[in-house]
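Inside the fold
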Amino acid sequence: MPPVIPIRYIEPVYRPPSEAESLILPITDGCSWNHCTFCEMYTAPQKRFRARDEAEVLESIQRTGERFGSDIRRVFLADGDALVLPTRRLLATLEAIRTHLPAVRRVSSYCLPRNLRRKSVDELRELAAAGLSIAYVGAESGDDEVLERVNKGETWASTREALDKLGAAGITRSVMILNGLAGPALSLRHAENSARLLNATQPEYLATLVVSFPVGEERFRDGFPGWRPLSRHELFVEMAHFLEHLQLERTVFRSDHASNWLVLKGTLGADKQRLLKQVRQAIADPDAAMLRPAWARGL
């Protein structure tokens, strides 16, 4: 029987794919915004947003350290947007991690752009100095009409401001864009303006996922009449358009989530032409066996 981690979890629990080996440490439950019509992660009633009691969080860190302190190298602060908490509380959490989990070398969190509006660059520098290494920012799109249609609560400008703040503070930024989010009518605009956002901010990491609705599309379609999912061919055309408009210097790019039909990995811009060649080959032959989604390939 595996050892029990002394942390109270409320299912379902989510984390970025790259945090698979991290300790998941909930300091909030749910998402403070939770109005995005494409997102079903925190819609269950038990995931209603709340800040965890500070004493409970600090005790969980201490007890985890007593049992596993020398084994834990990474910590992911859950749930959907831990950075909504006041800077003082975040600093107290990071200090407790340093004290009780001394082997930790990386602390990360999801980050909604809106939650940095009240945080200064100096505050973010404090958090970076205290151990916050990476912020995962779901930009989803750089097109304002698409963002409005999906009720993201952000704009191109607000997302850029947040990414610029994080960059100025020395916090690594991992940005996510949703392939297919805009449907066919706004697809190319979505690709172009998303690329424009990334060109302006030059994040350290970029990932693309294909939008999907495991529980159904009704909630999404209410705000996006006429939307339909893109075919594989259309997804590849949008991806090619996106890559063509990217002007990145040293951004690590991954399109290898289980939702993606075509796995793409490289550094932009060094690998831009190679990646474009892969996508154009997929456009020419979208039924090739290698283009099955990652879950169908056993990844």
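Rules behind the numbers
- Residues numbered from 1 in each chain as written.
- Predicted model: local features only at pLDDT ≥ 70, side-chain atom pairs only at ≥ 80, totals over all residues.
- Heavy atoms only, no water.
- Buried < 20%, exposed > 50% of the residue type's maximum accessible area, 1.4 Å probe, protein only.
- Helix = DSSP H or I, 4+ residues; strand = E, 2+ residues; numbered from the N terminus.
- Arc of directions from axis to C-beta.
- Contact = heavy atoms within 4.5 Å.
- 1 Å grid on protein atoms, 1.4 Å probe; cavity = no way out; pocket = protein on both sides within 12 Å on 5 of 7 lines; lining within 4 Å.
- Points joined across faces, edges and corners; volume = space filled by probe spheres on them.
- Nonpolar A, V, L, I, M, F, W, Y, C, P; charged D, E, K, R; others polar.
- Phe/Tyr/Trp six-rings, centres within 6.5 Å; stacked < 30°, edge-to-face > 60°.
- Core = buried A, V, L, I, M, F, W, Y, C linked by side-chain atoms within 4.5 Å.

This paragraph deals with helix α3 (residues 121–130). Within α3, the full set of buried residues consists of Leu124, Leu127 and Ala130. One side of α3 holds all its buried residues, which, seen down the axis, span an arc of 120 degrees. Seen from the buried face of α3, the exposed residues on the opposite side, beyond 90 degrees, are Asp122 and Ala129. Packing partners of the buried residues in α3 comprise α2 (87–100), β6 (132–140) and α5 (156–169). Two residues or fewer past α3, glycine 131 is found with a positive phi of approximately 125 degrees.

With that out of the way, let us pick up the layout of surface pockets. Reported here for the largest pocket is a volume of approximately 1400 Å³. For the largest pocket, the lining is made up of 45 residues, of which Pro16, Pro17, Tyr110, Met176 and Leu209 are closest to its centre. Elements that contribute at least two residues to the lining of the largest pocket include exactly β5 (106–110), β6, β7 (172–179), β8 (205–210) and β9 (251–255). When the residues that make up the lining of the largest pocket are grouped by side-chain class, the tally is 28 nonpolar, 10 polar and seven charged. Of the volumes computed, that of the second largest pocket is approximately 190 Å³. Lining the second largest pocket we find 15 residues, and of these Val210, Val211, Ser212, Pro229 and Leu230 sit closest to its centre. Classifying every residue of the lining of the second largest pocket gives eight nonpolar, five polar and two charged.

A word on the packing of aromatic side chains. Per the counting criterion, the structure on display carries eight aromatic pairs. Between tyrosine 14 and tyrosine 42, the aromatic rings sit 5.8 Å apart at their centres with planes inclined by 80 degrees, giving edge-to-face as the arrangement. Residue tyrosine 14 is found in the segment before β1 (23–26), and its partner tyrosine 42 is found in the loop between β2 (28–29) and β3 (50–51); the two are separated by 28 residues along the sequence. Relative to tyrosine 136, the ring of phenylalanine 76 has its centre 6.4 Å away and its plane inclined at 65 degrees; by these criteria the two rings are edge-to-face.

Attention shifts here to the nonpolar core. Residues Val75, Ile97, Leu206, Phe242, Leu243 and Leu246 are the most contacted members of the largest nonpolar core, which totals 57 residues. Leave out the neighbours within four places in its chain, and leucine 243 touches Phe253, Leu268, Lys272, Leu275, Leu276 and Val279. Counting residues in each nonpolar core, the second largest holds 25 residues, with Phe38, Leu112, Leu186 and Trp227 among its members.

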